[in-house]
Amino acid sequence: MARKIAIVGLGKIARDQHVPSIEKNPDFELAATVSRNARLDGIDSYETLGEMLAARPDIDCVALCTPPQVRRQYAVEAIEADRHVLLEKPPGATVAEVQSLVALAGRHAVTLFATWHSRYAQGVEPARKWLADKTIEAAEIVWREDVRRWHPGQDWIWSPGGMGVFDPGINALSILTHILPAPVHVTAASLDIPSNRQTPIAARIDFLAATGHPVTADFDWRQQGPQTWDITVRTTSGTLHLSAGGATLTIDGNEHLAAPDTEYDGIYTHFAHLLAAGESAVDLSPLQLVADAFMLGNIRQVEEFHD
Ligand code: NAP
């Protein structure tokens, strides 16, 4: 029987991805939305999460699709009401607040799932498998997009906890930490912050892998024209290239895979498996790298940004 799920925060990602993927998945039934000012035709709507939790004991899962700064408070409310929780990325505004959610979910014996949608892009799992036994020499991330196109009017991304260009950049880091056989850590970072904003519009980061090879990341929100979401990994056995955010995989220039976007379908399939198994999945490594880039970041003030 399908589990009833409610979406909290009816913004861009909820409408573009969560609603269609839930509607496609026979393991779930979209039973309600929680929104301060929006609703979906034909779906029960509540203004606050507390109201929904009290009125609908039949809904045992919630998907939190709000900005990260308010995710923890919603998650605590849902877990304390013994509901399973799916967290949009990034799972929170700080590492420690998500660790406290893991402990809380454990005490309530509910599933907590910190999603990283880019890990479900079609080229990512084959890339991980190919790299597993290779000797890596270097890796490079180039993630450049136009913030005006993807985040129009979203003030939260420019506020503390909104992470600025790391909001898309963390998607690249979620792929990197999944496909590389060894962990990486940040060794240096530079952050370009518009003088009228609180978060970076561009960032460059150097990492070192535990196996000794370097990794660089170039995140920039000022890209006009074609958008770039690429990861290149050079190994002693050839060069692997993921592009289009992980949807396209080539090895030594030969196309191995170019598939349509099914990232959010993959998220809900995985959530159903976790629920059936009574397990949680919370990998904080991409969030930790972002936190460390902020800790080491050499800050440069750049020109004002206006939407
Ligand atoms: P958004 O369009 O701004 O929507 C966020 C929604 O959260 C708002 O519409 C609002 O819904 C709700 N909300 C609750 N408390 C809020 C608060 N204090 N401030 C602002 N909104 C609040 O943002 P989004 O693009 O959907 O992003 C939401 C999350 O999804 C982010 O963590 C983002 O990283 C992630 N994400 C976004 C994309 C993308 O392409 N946009 C892709 C993947 C992941 P109500 O008005 O209904 O309450």
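Read on for an overview of the structure. Predicted model, so just to flag it, every value in this text is computed and none were measured.

Turning to the pairing of strand β8 (residues 184–194), a few remarks are in order. Among the 11 residues in β8, 8 count as buried, and that is most of the element. By the bridge criterion, 8 bridges tie β8 to strand β9 (residues 202–209) in an arrangement that is antiparallel. Note that in β9 the partner of H185 across the bridge is L208. With 6 bridges joining them, β8 and strand β15 (residues 297–302) adopt parallel strand pairing.

What follows is about the pattern of salt bridges. Under the definition given, this model contains 18 salt bridges. Linking D265 and K24 is a salt bridge whose minimum nitrogen-to-oxygen distance equals 2.9 Å. Placement of the pair is D265 in helix α8 (residues 263–277) and K24 in helix α1 (residues 12–24), with a sequence separation of 241 residues. On the basis of relative accessible area, D265 is assigned to the partly exposed category, the value being 23%. The shortest N-O distance in the salt bridge between D133 and K134 comes to 2.9 Å. When salt bridges with common partners are traced through the structure, they connect R144, D192, R204, D218, D220, R222 and R300 into a single cluster.

What follows is about helix α5 (residues 124–131). Turning to α5, its buried residues number three or more, namely V124, A127, W130 and L131. Buried residues of α5, seen end-on, are gathered within an arc of 125° and therefore sit on one face of the element. Looking at the buried residues of α5, the elements they touch are β7 (136–144), α7 (166–179), β11 (228–235), β12 (238–243) and β13 (248–251).

Topologically, A210 is positioned in the loop between β9 and β10 (214–220). Taking the C-alpha atoms as reference points, A210 and S159, 51 residues apart in sequence, are found 33 Å from one another. Discounting residues that sit within four places of it in the chain, A210 has contacts with A182 and P183.

Let's shift gears to the packing of aromatic side chains. Counted under the stated rule, the structure contains 8 aromatic pairs. Look at F28 and F271: their rings are 5.6 Å apart centre to centre, the planes differ by 10°, and that puts the pair in the stacked class. Of this pair, F28 sits in strand β2 (residues 28–34) while F271 is found in helix α8, placing the two residues 243 residues apart along the sequence. The exposure class of F271 is buried, given its relative accessible area of 0%. Look at F166 and F294: their rings are 5.2 Å apart centre to centre, the planes differ by 50°, and that puts the pair in the tilted class. One end of the pair, F166, is in helix α7; the other, F294, is in helix α9 (residues 285–296), and 128 residues separate them in sequence. Assessed through its relative accessible area of 33%, F294 is described here as partly exposed. Over the aromatic face of W130 sits the side chain of K134, whose NZ or CZ is 4.3 Å from the ring centroid.

Cut-offs used in this document
Residues numbered from 1 in each chain as written. Predicted model: local features only at pLDDT ≥ 70, side-chain atom pairs only at ≥ 80, totals over all residues. Heavy atoms only, no water. Buried < 20%, exposed > 50% of the residue type's maximum accessible area, 1.4 Å probe, protein only. Helix = DSSP H or I, 4+ residues; strand = E, 2+ residues; numbered from the N terminus. Pairing = 2+ DSSP bridges. Salt bridge = Lys/Arg side-chain N within 4 Å of Asp/Glu carboxyl O. Arc of directions from axis to C-beta. Contact = heavy atoms within 4.5 Å. Phe/Tyr/Trp six-rings, centres within 6.5 Å; stacked < 30°, edge-to-face > 60°. Lys NZ or Arg CZ within 6 Å of the ring centre and 35° of its normal.

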